[in-house]
Amino acid sequence: MAEETPPAGGEASSGAKGSEERVMAAETTRSRRRGSASSGLPVAVVGGGPAGLTAAIAAARAGASVEVFDQLVRPGAKLRVSGNGLGNLTNTLPPDEFARRLHSPATFTLPALYALPPDGLRRFFEELGVPTQSLDDFRVYPVSHRAEDLLHALLAECARLGVTIRAPARVTGVTVEGGRPAAVVDASGSHPIRAVVIATGGLGYPRLGGTGDGYRLARQLGHSIVTPVPALVALVSVEEWPRTCAGVTLRDAHVWIDLPKWRRQGTRGGIVFTHDGVSGPAVLDISARVARLLLEREVVPLRINLTPGVSSSLWADRIDGWCHREGAKTIQALLARTVPRSFAAVVCGIAGIDHVSRAGNLDRATRERLVAILTGVPLRIRDTEGFSKAMATSGGVATAEINRKTMESRIVRGVYFAGEVIDVDGPTGGFNLHWAFASGWLAGHSAASSHGKRAPITAPVASRRTPRVAPSA
Ligand SMILES: Cc1cc2nc3c(=O)[nH]c(=O)nc-3n(C[C@H](O)[C@H](O)[C@H](O)COP(=O)(O)OP(=O)(O)OC[C@H]3O[C@@H](n4cnc5c(N)ncnc54)[C@H](O)[C@@H]3O)c2cc1C
């Protein structure tokens, strides 16, 4: 799994008075703006991550004047380091299958995913000079293997379109007049606007911009927030034995929450034992559910099948064979043929088998216990590694309060949401970045057509039957 990487880059503005505001505006600003919409107030985009920059491009291409506010000196810090700096921007799934894998109702996410599906996103970046490829027919990366190429392409397109980027500029409020957003407020003052896209991301990796400000802004506007919990994060166990196998990696494991409602919804993939518990793609993918359960319980029981390709009956036959044909060998040594040696010792310990026990001496009850452990090692999770190491956030602005066809707030017209600030998150594999791009695209288009009227806003893509928006320049 290449999703995690040590943070680098971003540096948050304190938002304090006197902080120097750098305004990056292309010289071509005025001449490039199109249509009558440009004569009005700008669309403000709060957050210059993948969701915000894509929203800015969509709105500017639709003719709006656009100003992006980001608290970091260098916006887009998470995009720059994503996928270990390689940038797993999306995957090859069609929108319906993609939506099924997100942790949010597909009915909510599909309009955005149809507005900018994975193949459309790839064309979009190709047109911006960043061709992409998928070496495993699933995960999609830039051919250059450089996530920062994605960021540079978005910033260059913003400059070409005359988008103003204010950075560092931390937005602390959105004022509302007559039921519509009137201005965004930062340390330098109040900036009049005609619409605002809130794309402030979640709470993960605070030094890359994860402040949770978007939740505060949304609450001020009357929105409900589904309690944010860390997602795509390593888990901390009650048991200390993972420490003894720290660094041991299993390429294919099946992980599930050992509670009645959750047993059927496990994840499969690599796992790695750590000094505090477990990590790896299969664990990261289940971590948000575990984190949410930890809001109500002290401990969440997990089970890990270390060899999902070997059924219980196959294990039973194999162990019977050892007992009969290789009875003089220790069970630990025999197990080490299939699982890492340090883990074989752990399995024997949990099963109550002494490390010098010979296979020929195992009684039936112990053999059955061994099979049960091999096909589902119990591990009690007491915590996650927290937001500081969470690659995503689960929870956020409640989807029921957002119009799925436009990303517009159902509470304050002219306010739009995009990206991770919304209660949508996905597993590893480009799901979270794609959601940021797709929802940003839809929100930006919608915001550009928001003129302060009560009339319904024409959505770029309203349903599966509506033609997708071609993300071409
Ligand atoms: C280390 C790491 C690796 C990852 N790898 C991948 C990967 O390979 N594939 C994948 O799909 N996902 C990956 N993710 C997740 C992905 O990066 C995020 O889901 C995505 O960046 C969310 O985009 P966003 O635009 O919604 O939010 P962000 O990227 O978080 O951008 C939000 C922006 O808003 C700004 N902001 C916040 N509050 C304010 C405010 N009050 N005023 C002004 N600006 C504000 C922040 O500074 C930030 O620049 C990774 C995340 C991390 C941390």
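See the structure above.
Counting from 1, residues in each chain are numbered in the order their sequence is written. Given that this is a predicted model, residues contribute local features only at a pLDDT of at least 70 and side-chain atom pairs are listed and counted only at 80 or more, while totals for whole chains, interfaces and linings are drawn from all residues.

Novice: I'm lost on the pairing of strand β9 (residues 180-186) in this one. Help?
Specialist: Whether two strands pair comes down to DSSP finding at least two bridges between them. Runs of E in the DSSP output that reach at least two residues are strands. Runs of H or I that reach at least four are helices, and both are numbered from the N terminus. As defined by bridge partners, strand β8 (residues 173-177) adjoins β9 across five bridges and the pair is classed as antiparallel. Of the residues in β9, the one forming a bridge with Val 174 is Val 184. Two successive antiparallel strands, β8 and β9, enclose a turn made up of two residues, where Gly 178 displays a positive phi of approximately 60°. Relative to strand β10 (residues 189-192), β9 runs antiparallel, the two being bridged by four bridges. In the strand pairing of β10, Val 184 is matched with His 191. Here β9 folds back onto β10 in antiparallel fashion, the turn holding two residues.

Novice: Would you mind showing me how to read unusual backbone geometry here?
Specialist: The phi torsion of most residues other than glycine is negative, and most of the peptide bonds are trans. Along the chain, Ala 167 connects to Pro 168 via a cis peptide bond; the corresponding omega equals 0°. The residue Asn 84 is not glycine, and still its phi comes out positive at about 60°. Along the chain, Asn 84 turns up in the loop between α3 (77-81) and β4 (90-91). Located in the positive-phi region is Met 407, a residue other than glycine, with phi close to 70°. Tracing the chain through its elements places Met 407 in the loop between β20 (402-403) and β21 (408-409). Every C-beta atom is placed from the backbone, and the number of other C-beta atoms within 10 Å of a residue's own sets its class: buried at 20 or more, exposed at 12 or fewer, partly exposed in between. Judged by the 32 C-beta atoms lying within 10 Å of it, Met 407 is buried.

Novice: Please clarify how the pairing of strand β2 (residues 43-46) should be interpreted in this entry.
Specialist: Side-chain direction in a regular strand flips from residue to residue, so the side chains alternate between the two faces of the sheet. Covered by surrounding structure in β2 are Val 43 and Val 45 together with Ala 44 and Val 46, the residues of both alternating faces. Across four bridges, β2 lies against strand β3 (residues 66-69) in parallel orientation. Paired with Val 46 across the strands is Phe 69, a residue of β3. Between the parallel elements β2 and β3, the chain passes through helix α2 (residues 50-61) in a crossover that is right-handed. Pairing geometry for β2 and strand β11 (residues 195-198), over four bridges, is parallel. Residue Val 46 lies in a different strand from β11, and its bridge partner there is Ile 198. Whether a crossover is right-handed depends on one test, that the path from the first strand over the helix to the second runs clockwise when the strands point away from the viewer.

Novice: So what exactly am I meant to see when it comes to the packing of helix α5 (residues 106-115) against helix α15 (residues 431-448) here?
Specialist: Helices that pack against each other are described as a pair by the angle of their axes relative to one another and the distance between those axes. For helices, the fitted axis covers only the stretch in contact; all axes are lines through C-alpha atoms, and the angles between them, taken along N-to-C directions, range from 0 to 180 degrees. The geometry of α5 relative to α15 is characterised by a closest axis approach of 8 Å and an angle of 85° between their N-to-C directions. Put simply, α5 runs roughly perpendicular to α15. The residues of α15 that touch α5, namely those facing Pro 111, Ala 112, Leu 113 and Ala 115, are Ala 438, Ser 439, Trp 441 and Leu 442. Ten residue types, Ala, Val, Leu, Ile, Met, Phe, Trp, Tyr, Cys and Pro, are classed as nonpolar, four, Asp, Glu, Lys and Arg, as charged, and the remainder, Gly among them, as polar. Each residue belonging to the contact of α5 with α15 can be placed in one class, and the counts come to seven nonpolar, one polar and no charged. Roughly parallel covers angles under 35 degrees, roughly antiparallel covers those over 145, roughly perpendicular covers 65 to 115, and oblique covers all other angles. Contact between two residues is assigned whenever their backbone-derived C-beta positions fall within 7 Å.

Novice: Any chance you could explain the environment of Pro 95 here in plain terms?
Specialist: Within the fold, Pro 95 resides in helix α4 (residues 95-101). Not counting chain neighbours up to four residues away, the residues in contact with Pro 95 comprise Leu 110, Leu 113, Tyr 114 and Pro 117.

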